[in-house]
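Letter by letter, the chains look like this.
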Amino acid sequence: MSRILHSTEGRLALITIVVFVLMAALSPERFLSPQNLTSMAFQFPEFAILALAVAVAMLTGGIDLSVVGAANLSAVVAALFMANVVGADGGAGMVALAFVMALCVGLVAGLFNGVLVATLGLPPILATLGSGLIFTGFAIAMTGGSAVMGLPSAAAWIGNGTILWIPVPLVVFALLAAALGWLMSRTSFGLKTRMFGANPLAARYAAMDTGAVLIKLYALCGMLSAVAGFIVMSRANSAKADYGSSYLLLAVLIAVLGGVNPYGGYGRIIGVVLAVLSMQFLSSGLNLLGVTNFAREMIWGALLIAVMLINTLAKRRTS
Amino acid sequence: MTDTSAPLVTLEGVTKRYAAITALSEVDLTIRAGEAVCLAGENGSGKSTLIKVLVGVERPSAGRILFDGVPQTRLTPTAATRAGMQVIFQDFSLFPNLSVAENIAMTAERATGARLVHRRRARERAREVLDRIGVDLDLDARVERLPVAHKQLVAICRALAADARLIIMDEPTTALTEREVARLLDLIRRLKADGVAVLFVSHKLAEVLEVCEHVVVLRNGEKVADGPAETFDAASLTRAMTGRDVAETPPEPLDPSASDLLKVENLTKDGAFRDVSLTLRAGEVLGVAGLLGSGRTSLAKALFGLATPDSGRVTLDGTDVPLGDPIAAAGAGIGYVPEDRLTEGLFLEQSIARNIAVGRLEAHASGGVLNLRDLWEEAAEWLKRLSVKAPDPQAPVRSLSGGNQQRVVLARWMARQPRVLILNGPSVGVDVGSKAEIHAIISDLAARGLGVIVISDDLPELLGTCHRILVMKAGVITDEVAGGEGITEDDLSHRLAS
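Residues numbered from 1 in each chain as written. Chains lettered and ligands numbered in written order. Predicted model: local features only at pLDDT ≥ 70, side-chain atom pairs only at ≥ 80, totals over all residues.

### Here's the deal with the overall build of chain B
Cut-off, in case you're wondering: Secondary structure elements are taken from DSSP: a helix is a run of H or I of four residues or more, a strand is a run of E of two residues or more, and numbering for both begins at the N terminus. Atoms counted for the radius of gyration: C-alpha only. Globule rule: 2.2 Å times the number of residues to the power 0.38. Any residue surrounded by 20 or more other C-beta atoms within 10 Å of its C-beta is treated as buried, while 12 or fewer makes it exposed and the intermediate range makes it partly exposed; C-beta atoms here are placed from the backbone. Note on contacts: residues are paired as contacts if their backbone-placed C-beta atoms lie within 7 Å.
Counting secondary structure elements, chain B contains 16 helices and 22 strands. Taking 2.2 N^0.38 as the reference for a compact globule, 498 residues should give roughly 23 Å; the C-alpha atoms of chain B span a radius of gyration of 24 Å, in line with that estimate. Counting every position in chain B, which comprises 498 residues, the buried fraction comes to 48%. Long-range pairs, those at least 24 residues apart, make up 70% of the contacts in chain B between residues at least 6 apart in sequence.

### Observations regarding the overall build of chain A
Along the backbone of chain A there are 15 helices and 2 strands. Radius of gyration (C-alpha) of chain A: 20 Å, near the 20 Å computed for a compact globule of 319 residues. Along the longest, intermediate and shortest principal axes, the C-alpha atoms of chain A span 60 × 55 × 35 Å. A total of 319 residues make up chain A; the buried ones form 50% of that total.

### Considering the packing of helix α9 (residues 168-186) of chain A against helix α14 (residues 269-288) of chain A
Residues and elements named next belong to chain A. Definition in use: Axes here mean lines fitted to C-alpha atoms, for a helix over just the part in contact, with angles spanning 0 to 180 degrees between N-to-C directions. Orientation is classified from the angle alone, with under 35 degrees giving roughly parallel, over 145 giving roughly antiparallel, 65 to 115 giving roughly perpendicular, and any other angle giving oblique. Side-chain classes follow a simple rule in which Ala, Val, Leu, Ile, Met, Phe, Trp, Tyr, Cys and Pro form the nonpolar group, Asp, Glu, Lys and Arg form the charged group, and the remainder, Gly included, forms the polar group.
Running from N to C, α9 and α14 point in directions that differ by 150 degrees, and their axes come no closer than 9 Å. With respect to each other, α9 and α14 are oriented roughly antiparallel. Listed contacts from α14 to Ala177, Leu180, Gly181 and Met184 of α9 are Ile269, Ile270 and Val273. Along the lines of polarity and charge, the residues of the contact of α9 with α14 split into 6 nonpolar, 1 polar and no charged.

### Some points on the environment of Glu144(B)
All names here are of chain B. With respect to the helices and strands, the residue glutamate 144 is situated in the loop between α4 (119-132) and α5 (148-161). C-alpha of glutamate 144 to C-alpha of asparagine 355: the two residues are 211 residues apart in sequence and 37 Å apart in space. Setting aside anything within four residues of it in sequence, one finds glutamate 144 in contact with Pro96 and Asn97.

### Some points on the interface of chain A and chain B
Counting from both sides, the interface comprises 19 residues of chain A and, opposite them, 22 residues of chain B. Per element, the largest residue contribution to the side of chain A that touches chain B is 6 residues, and it comes from helix α10 (residues 188-198) of chain A.

### So, the confidence of the model for chain B
Where we set the bar: As a per-residue quantity, pLDDT reports the predictor's confidence and falls between 0 and 100.
Mean pLDDT for chain B: 84, with 93% of residues reaching 70 or above. ipTM for the predicted complex: 0.83, alongside a pTM of 0.78.

### Focus: the domain arrangement of chain B
Residue and element names in this part refer to chain B. Here is the rule we go by: In this entry, domain limits derive from an automatic or database-based domain assignment.
Its domain assignment divides chain B into domain 1 (9-242) and domain 2 (260-497). Once you take the C-alpha centre of each, domain 1 and domain 2 turn out to be 33 Å apart. Domain 1 puts 8 residues into the contact, and the matching count from domain 2 is 10 residues.

### Observations concerning the nonpolar core
Nonpolar side chains tend toward joint burial in soluble globular proteins. As a reminder, the rule being used: Definition of nonpolar core: a set of buried Ala, Val, Leu, Ile, Met, Phe, Trp, Tyr and Cys residues joined via C-beta atoms within 7 Å.
Leu50(A), Ala51(A), Leu52(A), Val54(A) and Ala251(A) are the most contacted members of the largest nonpolar core, which totals 186 residues. Among the elements that line this core, the one with the most residues is helix α12 (residues 210-236) of chain A, at 17 residues. Not counting residues up to four positions away in its chain, the partners in contact with Val54(A) are Ile63(A), Asp64(A), Val67(A), Ala251(A), Val252(A) and Ala255(A). Formed by 71 residues, the second largest nonpolar core is a distinct cluster that contains Leu50(B), Val87(B), Leu176(B) and Val215(B).

### Regarding helix α6 (residues 92-119) of chain A
Here is the rule: Between the first and last residue of a helix there are one fewer steps than residues, each counted as 1.5 Å, and that sum is the expected span.
Taking 1.5 Å of rise per residue, the 28 residues of α6(A) would be expected to cover 40 Å, and the 39 Å separating its terminal C-alpha atoms lies within 8% of that figure. Gly121(A) sits one or two residues past α6(A) and shows a positive phi near 70 degrees.

### Some thoughts on the sheet that holds strand β15 (residues 319-320) of chain B
All names here are of chain B. Test applied: Paired strands, as defined in this entry, are two strands with at least two bridges between them according to DSSP.
The sheet built from 4 strands is open, its strands ordered β12-β11-β14-β15 with antiparallel pairing. Edge positions in the sheet fall to β12 (273-281) and β15, since each has one partner strand and no second. With 5 bridges connecting them, strand β11 (residues 260-269) and strand β14 (residues 311-316) associate as antiparallel partners. What sits directly across from valine 264, in β14, is valine 314. Helix α8 (residues 296-303) rests against β11, β12 and β14 of the sheet, and its axis sits at about 120 degrees to β11.

### So, the packing of helix α4 (residues 34-59) of chain A against helix α13 (residues 247-257) of chain A
All names here are of chain A. What counts, and what does not: Crossing handedness is read from the near helix: turned anticlockwise from the far helix by less than a right angle, it gives a left-handed crossing, and turned clockwise, a right-handed one.
Here α4 crosses α13 at 55 degrees, and the two axes come no closer than 8 Å. Taken together, the axes of α4 and α13 lie oblique to each other. Here the hand of the crossing between α4 and α13 comes out right-handed. From α4, Phe47, Leu50, Ala51, Val54, Ala55 and Met58 reach across to α13, where they touch Tyr247, Leu250, Ala251, Val252, Ile254 and Ala255. Taken together, the residues of the contact of α4 with α13 break down into 12 nonpolar, no polar and no charged.

### Digging into unusual backbone geometry
Positive phi is not limited to glycine here, since Leu164(A) has a value of about 50 degrees. You can see Leu164(A) is positioned in the loop between β1 (162-163) and β2 (166-167). We classify Leu164(A) as exposed; it has 5 C-beta atoms within 10 Å. Even without being a glycine, Asp275(B) presents a positive backbone phi close to 55 degrees. Considering the arrangement of structural elements, one finds Asp275(B) in strand β12.

### Brief notes about the environment of Met106(B)
With respect to the secondary-structure elements, Met106(B) resides in helix α3 (residues 100-112). Sequence spacing of Met106(B) and Ala162(B) is 56 residues, and the spatial spacing of their C-alpha atoms is 8.8 Å.

### Topic: the sheet that holds strand β19 (residues 420-424) of chain B
Residues and elements named next belong to chain B. The mixed open sheet is built from 6 strands, whose spatial order is β16-β19-β20-β13-β21-β22. The two strands at the open ends of the sheet, each matched to only one other strand, are β16 (334-337) and β22 (476-482). The mean angle between the axes of side-by-side strands here comes to 20 degrees, regardless of whether they run parallel or antiparallel. Sheet topology places strand β21 (residues 468-473) next to β22; 6 bridges connect them, and they run antiparallel. Along β22, the bridge assignment pairs leucine 470 with glutamate 480. Against the sheet, α8 engages β13 (285-290), β16, β19, β20 (451-456) and β21, with an angle of about 150 degrees to β19.

### Details of the pairing of β11(B)
All names here are of chain B. Sheet analysis places β11 next to β12, joined by 6 bridges and oriented antiparallel. Residue pairing across strands places aspartate 260 opposite arginine 281, the latter belonging to β12. Between β11 and the antiparallel strand that follows it, β12, lie 3 residues; glycine 271 among them carries a positive phi value of about 80 degrees.

### A short note on α4(B)
Here α4(B) spans 20 Å end to end across 14 residues, near enough to the 20 Å set by a 1.5 Å rise per residue. Immediately downstream of α4(B), the backbone of Gly134(B) shows phi near 65 degrees, a positive value.

### Describing the pairing of β21(B)
If a strand is regular, its side chains alternate between the two faces of the sheet. Residues and elements named next belong to chain B. Burial analysis of β21 places 5 of its 6 residues in the buried class, which makes it a mostly covered element. As defined by bridge partners, β13 adjoins β21 across 5 bridges and the pair is classed as parallel. Across the sheet, residue glycine 287 finds its bridge partner in β21, namely isoleucine 469. Where β21 folds back on β22, the antiparallel hairpin that results is connected by 2 residues, among which alanine 474 adopts a positive phi of roughly 50 degrees.

### Some remarks on the environment of Met472(B)
Residue and element names in this part refer to chain B. The residue methionine 472 is located in strand β21 in this model. Methionine 472 sits in the buried class, given 23 other C-beta atoms within 10 Å. Between the C-alpha atoms of methionine 472 and glycine 41, which are 431 residues apart in sequence, the distance is 27 Å. Aside from chain neighbours lying at most four places away, what touches methionine 472 is Val288, Ala289, Gly290, Ser294, Gly295, Arg296 and Ile477.

Encoded structure:
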């Protein structure tokens, strides 16, 4: 038991279970209902994927605040293509093409961030704050600020479909989380990312190709954002420059909650997954209990500070 | 004359433990007003912990601290400052962009609780202090433009302006020339006459012995020697600090037919070094001796591409090494073991294995996927080869002693099989046993045909390990001497600091 409590992920798993049990106990028939469980499974993947993007940026000691901007820009480009070129009766192949286009837009957006941070040496928090606004600006310019509608019905599958009763967004998130977990722990790129985050100066002194690592990493963040943007678009059956604006804060919160060290070097994908789950349980549960959205955000904030406090105190005790 | 009043500072059985490590073990120390005490010890002997305990930054695990005979039960930095304890760190912690007067008056003004800065009052106060110690400095000069010795004066004045009764000086002489040291000693005599006590803390204290009443030597957190300064000399101090005589491993004589390996021609970087030329032969250990600020570290960084020189050329085996690019330098076969192991050399929280492997991750990966078993096995092999006492290659490198940490950095570079290895301060913060073993590693590397450059301010180390030693002063190589028996330590030290 004490071993579980000693690791950040162990504590997080415990918190997730406690939140789930608590919410199930407070309103058993509604929280545990199939409708609620299914709706949760459709809701969280889009911001959970953004949280993964923020988390991997945080591993380097940086952050990506442009994830929502990049997600919307990618979605707008894909939606414009589907609405204007493909038309409402486009098939799955055209949707797949649109998805690839979204990924490319995300890639370019991420490369832009990477160059700002790695080549030009701007502080990630400011560089991505600025680039996020630029991405949103492009999306607004392309759409005039209104939603792009008239998507083919095949596009709805990725946000609303199921595979063996499992929601497609959940499957996408699970696959991405597993792939990222593997990438970060089993590849030289993942190890370099961590080592750079742990001590950028020592990484330079060890002749690591730090610039290339950072550029690839931000490109990865951009592509993850594009996937999230595509899911949002599919669920909303439209794309807009300012969808999901509350997701940025949520994504940062989940990454920190998930035990990713904001100063870099430490963090596990499993932690981010657990943090996503506990946040979703909490927010759905509170919703069912009739707690207003405003109070919910306050509770999120309190939860964030509480978890960081516990992590800090636990670290102080062991050192 | 015997002083019957309570001593200014008394430490009784002070012990400080960090988790499993005992940094200080039952240390007693007494400092009287107007007395200079010399606290000697190697890096890691507990000197800095003792300072921290004395000024309230760290709380002792056991023992008592008394100021003027009054026990201090909950000593805080503020309380220590109020009691007149002032530390002058090696870097002086001055504000480079402020004037001399502002720097001197800063702490004192803060202590009065005034929220506004009074320019005129600051000047008056600074002038008073300068007059008190009979020193003349331009009050309006910006501190960043001053030479090191003057910065030190400003720091001393600042301590005095804050009503210092004990000035603790950390490594006060490392960056000073002989003449500047003499001037500092004069000043210390005046301070003592004025009733101010001084605690010198250093691993090289022979030069301040003459103004000290008392010498205390720490080793591994314990007080191993304590006595009147007259009973110590440079040799006995070293013996007390190290506990034994270091067995040196002189390098094998250089093969006269050895080829030129690394050639540096007219390398210049404005403000750091000028017109540096040198040739390193295969199998040669070349020393670079210089005081702090002589340009020795800038030169090393430039050779490894961490700084871009303004002009000049570096060739390895006749092929140009691109300047200002560490990846290219490493690719060409140059390795660099940095001076500050903790911030530049190691990823402290990461595992020992990762710290070793990070230099050549590509070799452990196919298509980007790491072969973790291969990585761990190689790390374990290096740990064995360099006899690192590590319980587990998966443990964070932080858990190792200084000597073992240094070997981890060495292993990282040796695994890359470099042609030239630059070692900056290879035995800083390393215990005596490890030091001898690191020297043996250097000698072994040279025997395998590597070119090794050792940069150090530890003269016996240079004399013991190098074939040749270059003397660097104010960014210029001024002298070249043969290592080994060719020259004495005193002679070399004189050439460095004169």
